[in-house]
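One-letter residues, chain by chain:
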Amino acid sequence: NLLAKSYHLKQHAHNPNVIQGWLQAICACKPLPKIPAGLLKHLAKHYNAWHLAIPLLVHFAESYPEETQWYDALSELYG
């Protein structure tokens, strides 16, 4: 997965960084591509992208309410 590559760590302290740019582009897609909750949680925490990841997680939790991964990731980010 492109978003999980280790070379993005070089920019984790920059604002905006590459991950934030990718997540902004993903947010503009219709329909939204389904991204694993664990990956979104990781990107939110390590790349200061919580403001982009949380709305995506909420959308996926509403779209796939039977999948608990979305709620778990949201509870960790809000907790």
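Refer to the structure presented above.
Basis of the calculations
Residues numbered from 1 in each chain as written. Predicted model: local features only at pLDDT ≥ 70, side-chain atom pairs only at ≥ 80, totals over all residues. Heavy atoms only, no water. Core = buried A, V, L, I, M, F, W, Y, C linked by side-chain atoms within 4.5 Å. Buried < 20%, exposed > 50% of the residue type's maximum accessible area, 1.4 Å probe, protein only. Helix = DSSP H or I, 4+ residues; strand = E, 2+ residues; numbered from the N terminus. Contact = heavy atoms within 4.5 Å. Arc of directions from axis to C-beta. Polar contact = N/O pair within 3.5 Å; in protein donor to acceptor, adjacent residues only side chain to side chain. Axes fitted to C-alpha atoms, helices over the stretch in contact; angles between N-to-C directions. Parallel < 35°, antiparallel > 145°, perpendicular 65-115°, else oblique. Left-handed = near helix turned anticlockwise from the far one by under 90°. Salt bridge = Lys/Arg side-chain N within 4 Å of Asp/Glu carboxyl O.

**Thoughts on the nonpolar core**
Counting residues in hydrophobic clusters, the biggest one holds 22 residues, and the most contacted among them are Leu 23, Leu 40, Leu 43, Leu 56, Leu 57 and Trp 70. Among the elements of the structure, helix H1 (18-27), helix H2 (37-46), helix H3 (50-63) and helix H4 (69-78) are those that each provide at least two residues to this core. Ranked by residue count, the leading element in this core is H3, at seven residues. The contacts of Leu 57, once residues within four sequence positions are left out, are Ala 37, Leu 40, Trp 70, Ala 73, Leu 74 and Leu 77.

**Observations regarding H1**
Taken residue by residue, H1 has Ile 19, Gln 20, Leu 23 and Ile 26 as its buried positions. Axial view of H1: buried residues confined to an arc of 120 degrees, hence all on one face. On its buried face, H1 is in contact with H2 and H3. Its side-chain oxygen at 3.1 Å from the backbone nitrogen of Ile 19, Asn 17 defines the N-terminal cap of H1.

**Regarding the packing of H3 against H4**
The geometry of H3 relative to H4 is characterised by a closest axis approach of 9 Å and an angle of 150 degrees between their N-to-C directions. By the angle between their directions, the pair H3 and H4 is classed as roughly antiparallel. Along this stretch, H3 crosses H4, giving a crossing that reads as left-handed. For the pair H3 and H4, contact is made by Ile 54, Leu 57, Val 58, Phe 60 and Ala 61 and by Trp 70, Tyr 71, Ala 73, Leu 74, Leu 77 and Tyr 78, respectively.

**Some remarks on the pattern of salt bridges**
One pass over the full model with this rule turns up three salt bridges. The salt bridge partner of Lys 34 is Glu 67, with a shortest N-O separation of 3.0 Å. Of the two residues, Lys 34 sits in the loop between H1 and H2 while Glu 67 sits in the loop between H3 and H4, which places them 33 residues apart along the sequence. Overall, the relative accessible area of 41% leaves Lys 34 in the partly exposed class. Judged by its relative accessible area of 21%, Glu 67 is partly exposed.

By themselves, these are just geometric observations and shouldn't be taken as functional.
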